[in-house]
Amino acid sequence: CLHLAGNHIKADSNHREGRSCVRYKCSLMNTVLDVLHQRPGWVEVKEDGEWDFNWCDVGWLRENFDHSYMEEHVRICHFRNHYELTRKNLMVKNLKRYRKTVEREAGRLEAVKCDFFPLTFVLPSEYHLFVEDFKRSPGSTWIMKPVARSQGKGIFLFRKLKDIMEWKKDCTRSDEQRDEAQVESYVVQSYIENPYLIHGRKFDLRVYILVTSYLPLKAWLYRDGFARFSNTRFSLRTIDDQYVHLTNVAVQKTAPVYNPEKGCKWQMQQLRRYLTAKHGTYVVEELFKDIDNIFIRSLQSVQKVIINDKHCFELYGYDILLDQDLKPWLIEVNASPSLTASNQDDYEMKYSLIEDTLHIVDMEGRLTGKEKRVGGFDLMWNDGPVFRENAGLETLGSPFQTANTHLGGVNDRKKQLRQLLKPFPGQKKV
Amino acid sequence: MMNEGSELSVTIAQIVQRLKGTHLHSQLEKQAKECLHRPEIRLESIKEDVRKFLRATGWERKLQNAVYRELHILPPSGHPEAPLEHTKEPLAYMRKAQASWEKRILKSLNSMCTELGVPLARKRPVLEQKELTSKWNEMGADEPDLSKFRPVYAPKDFLEVLINLKNPNHDHSDGLTARSHWGLIPISLSVRDVPQLREAYPELSLSCSQLGIDDHAHVPPDLFESEHIRIGKKVVDEQDSAAAQQYSRQGSPTGLRAQLWALILNITNDPEDVAHYEQLKAAVIHHDLLVDNLIYKDVKLTASNDDYYFVFEDVLYQVLLCFSRDTAVLEHFSYNSATPPKSYIQGKTGEEEFAVVYPPNVPLLPCQMGIVCRLGVIPFHGFSMYVAPLCFLYNEPCKLYSVFREMYVRYFFRLHSISSSPSGIVSLCLQFERLLQIHLPQLFFHLQEIMAQPLRIAFKWMVRAFSGYLSTDQLLLLWDRILGYDSLELVAVLAAAVFAFRAENLMEVTSLASAEAVLADLSTLKVMPLLQIFLFANVI
């Protein structure tokens, strides 16, 4: 890029220093790369060049983060130890500890609000605890998931202990022999046997959360998202049919009846409207409040564990499952949600999602920092809950404050961005 | 001429006849009997007291709703000497055209039957019946080989029939004029123009608030939305059909729509409705019909391929397979110009054994088993799209079925049969063309010049009442008004409004293909602003 006399702009005291030329690195070959290519003033750097922005994969992070010196303005798309939230065994550990803390500090009623993840045990370390619970609920179904794999690989369902006898052998190994790299850790989780079905089909929700800081916690919720449907009808009869129970698009793609044109997805707006038509506005609003609760508490549970670093931000893909009582359950948090598009609509959605993420990261210094909404993102938590209504004397102490979240709501981001953002540095005003 | 008084008594007699013996009737009698024990019922004023009781407990309202429903579907009253046929459809040439259209469909189905060697109707073996019962809720999981079946007809085939309608009374002696060859529909029916539409649809005017416009994200809900929802809740609580219909003109809130539509259509889900549905289901299990394959094919080709409706595949089968066996649907023939041919069952000897309508709703054709039946509703390509949007609102197959059936007999059937009704497809086509000709003459002329007659593009939207073309939430707002005004007229107005909206781009195109391309994607359109602007904001 051009080396002008100082390639950053010193704006007035309200604004961060912005850069008119941003050098970026990107490990991905999908929608992200398109967004970066097309961003005015952003230039890709080669292998060892210096960079201001890095959209890396977690592998690169693991190998290089600790050896990289980053200047103040530099941004990278992962937190060093994100796996505290995104690896199933660590997430469970953190959530359980958090729940205990909440119960101790705020009582039983408050702790119940943390009961959004199904009963889970880490194997092989908690095998004995699991067996105790297993025996207490005979006939129920459990799901075994490998800790670190994705796209539905390695997952299976079972009802009898003999199906997992090999794990019993692992338990007798001593600590020295247990090397994390060799022994594949699993979590076993109580399977939700009464998922909410739409005409016989099971689905889960994919929601996007952007965290720009853990201490203090600052998190944004994206309005768009989708419901991913299982291609076949739900039934507990055939738990061997992995196509039925797993709603990951990756698994559905190989199922016998998958039609690639169909996509098996509903936009979040469509799902919200369907549920509202069926259950009424009030019930659905309560449901979405419960879903907000999952995001906030899950982030709070790792708040003190994650190494907070001002260079880091992270875009999470949350997987939520609804049961027949319209209770939402947290299934998983992904640090690298798929940003590859399955069709044109999906591409546009993911493009906008990444674009708005970059707006919030704000290398160009165009934001004041006081915004509650940027494009399709709404500020959900800013060291405390964020409300739609602006604070004033009228709202003080009022019980009628609504959370500043609009999941599944209208996403008129282009219009909002036009009003919010100044043109890119170097661009003429339109 | 019958005077109004006797006309009214005839109507009353007809309605009483229809309501006699219904579940509602027996319930009313039961309630009336039981309330006699109550202290407020006095012998000297027994009639008034019972009436008061029925009113207070909501039973009078239920009866009112039932009567209201009957009024909706009552055939038009005509001269007492006129045959029923003439009352249903007064224009002889329309009757003839519909009859010959039906014959053509029949012939087409007959040749498919012979060509493929598939029986028209076939009793299922017991094993197959058991199998079907067990997978009743997941019929979509099958992938039967349907490659040899083709839809009997597509909307464009039907359009050709309409284009070739001829009114024998029409004087062509002034030869070809620009006026006579403006549009595709060659006949004249009375259709409303914009000033008349403005009077007929005042609730859509710029000065009136409604859903689809005034519930936009930027409009504070206090201005209209909250109050409208509050009123909607009240209407649902009152269980008043007529009020619900009036209310729906300004749109139904998402959370109340299912209940409001059920109210407008008077879907009560009585035990008799449930029993009726179960009977139909039993009929599906016992017999396999040729028409079933056409249904499967249609669902697979249209709804299953849709980004949103694919989820409803299974329940679509459950509804449509039952629908093809429903004799109650044939009731609507009493005001549709189509007449079902008679039916009889041929035994193996070829002699008439007994006259039974079985299975119902199946074409009049002999087949291997010698079962001859009535012609009913033959699904055309896209038929399942009438049902798909309703799946969004209703979950139980029985209720969904009742809602669909009522919507079919009130509205949808008019979109694929030939009649002079103002809600019939012929009138809608004519109205669409006239609206464009009068308000966008330059556009109409341009499109005609490049051989891109507007009706050729808009026809498929109108036949499906825009289902599958608009996004679901917008479609439901449109159907709110169809129910609210008890007319399909707005379908034609919307079609014209869409052309008006994209007029600029359409003026630039130079072929039918490019015109189709400009109008290919309607999924981003907002229906109510389009209608409002077309009707109320244009200078006429």
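Rules behind the numbers
- Residues numbered from 1 in each chain as written.
- Chains lettered and ligands numbered in written order.
- Predicted model: local features only at pLDDT ≥ 70, side-chain atom pairs only at ≥ 80, totals over all residues.
- Heavy atoms only, no water.
- Salt bridge = Lys/Arg side-chain N within 4 Å of Asp/Glu carboxyl O.
- Helix = DSSP H or I, 4+ residues; strand = E, 2+ residues; numbered from the N terminus.
- Buried < 20%, exposed > 50% of the residue type's maximum accessible area, 1.4 Å probe, protein only.
- Axes fitted to C-alpha atoms, helices over the stretch in contact; angles between N-to-C directions.
- Parallel < 35°, antiparallel > 145°, perpendicular 65-115°, else oblique.
- Contact = heavy atoms within 4.5 Å.
- Nonpolar A, V, L, I, M, F, W, Y, C, P; charged D, E, K, R; others polar.
- Pairing = 2+ DSSP bridges.
- Buried area = accessible area lost by both parts, 1.4 Å probe.
- Polar contact = N/O pair within 3.5 Å; in protein donor to acceptor, adjacent residues only side chain to side chain.
- Arc of directions from axis to C-beta.

### Here we look at the pattern of salt bridges
When the charged atoms of two side chains lie near each other, side chains of opposite charge can form a pair.
Consideration 1: By the definition in use, this model includes 50 salt bridges over all chains.
Consideration 2: A:Asp52 is the partner of A:Arg23 in a salt bridge, and the nearest nitrogen-oxygen pair spans 2.8 Å. Of this pair, A:Arg23 sits in strand β3 (residues 22-26) while A:Asp52 sits in the loop between β4 (42-44) and β5 (53-55), and the two are 29 residues apart along the sequence.
Consideration 3: Measuring nitrogen to oxygen at the nearest pair gives 3.9 Å for the salt bridge that ties A:Arg201 to B:Glu313. Highlighted residues: A:Arg201 in strand β12 (residues 201-213) and B:Glu313 in helix α15 (residues 313-323), drawn from two different chains. Exposure class is identical for A:Arg201 and B:Glu313. Each is buried.
Consideration 4: Residues participating in the shared-partner salt-bridge network are B:Arg18, B:Arg69, B:Glu70, B:Glu406 and B:Arg410.

### Structural notes on the packing of helix α13 (residues 271-286) of chain B against helix α17 (residues 397-410) of chain B
All names here are of chain B.
Consideration 1: Contact pair α13 / α17: the axes reach a minimum separation of 10 Å and the direction vectors enclose 95°. By the angle between their axes, α13 is roughly perpendicular relative to α17. Residues Asp273, Val274, His276, Tyr277 and Leu280 of α13 form the contact with α17, whose participating residues are Pro397, Cys398, Tyr401, Ser402 and Arg405.
Consideration 2: Here the residues of the contact of α13 with α17 are counted per class, giving six nonpolar, two polar and two charged.

### Quick look at the sheet that holds strand β10 (residues 186-190) of chain A
All names here are of chain A.
Consideration 1: The antiparallel open sheet is built from four strands, whose spatial order is β7-β10-β8-β9. Strands at the two margins of the open sheet, each flanked by one partner only, are β7 (120-123) and β9 (156-158). If you compare each strand with its neighbour and ignore which way they point, the axes differ by 25° on average.
Consideration 2: Of the pairings in the sheet, the one linking strand β8 (residues 142-146) to β10 comprises five bridges and is antiparallel in character. Within β10, the residue paired with Lys145 across the bridge is Val187.
Consideration 3: Along the sheet, helix α4 (residues 88-106) contacts β7, β8 and β10; its crossing angle with β7, the most-contacted strand, is approximately 130°.

### A word on the interface of chain B and chain A
Consideration 1: Taken together, the contacts link 26 residues of chain B with 25 residues of chain A.
Consideration 2: At the boundary of chain B with chain A, total buried surface from both sides reaches about 2400 Å², with 52% on carbon and sulfur atoms.
Consideration 3: Looking at the side of chain B facing chain A, the largest losses of area belong to B:Tyr308, B:Phe310 and B:Phe392, adding up to 27% of the total buried there.
Consideration 4: As a salt-bridge pair, A:Arg273 and B:Asp473 come within 3.7 Å of each other at their nearest N and O atoms.
Consideration 5: Linking chain B to chain A there are four residue pairs in polar contact (both at pLDDT 80 or more).
Consideration 6: Those elements that provide at least two residues to the side of chain B that touches chain A are α15 and α21 (472-485) of chain B.
Consideration 7: Per-element accounting of the side of chain B that touches chain A gives the leading share, three residues, to α15(B).
Consideration 8: Partitioning the side of chain B that touches chain A into residue classes produces eleven nonpolar, nine polar and six charged.

### Some points on helix α3 (residues 46-56) of chain B
All names here are of chain B.
Consideration 1: Residues Asp49, Val50, Phe53 and Leu54 constitute the buried set of α3. Burial along α3 is one-sided: seen end-on, the buried residues are contained in an arc of 135°. Exposed side chains of α3 directed beyond 90 degrees from the buried face belong to Lys47, Lys52 and Ala56.
Consideration 2: In this structure, the buried residues of α3 make contact with α2 (23-34) and α4 (59-73).
Consideration 3: In the stretch just after α3, Gly58 is the one whose phi turns positive, near 85°.

### Describing the sheet that holds β5(A)
Residues and elements named next belong to chain A.
Consideration 1: What the four strands build is an open sheet, ordered β4-β3-β5-β6; its pairing is parallel. At either end of the open sheet lies a strand with only one pairing partner, and these are β4 and β6 (75-76).
Consideration 2: Pairing of β3 with β5, which is carried by three bridges, proceeds in the parallel orientation. Within β5, the position partnered with Cys26 by the bridge is Trp55.
Consideration 3: Here helix α1 (residues 31-38) sits on the sheet in contact with β3, β4 and β5, set at roughly 165° to β3.
Consideration 4: Sitting on the sheet, helix α12 (residues 344-361) touches β4, β5 and β6, and the angle it makes with β5 is about 150°.

Geometry only, nothing functional implied.
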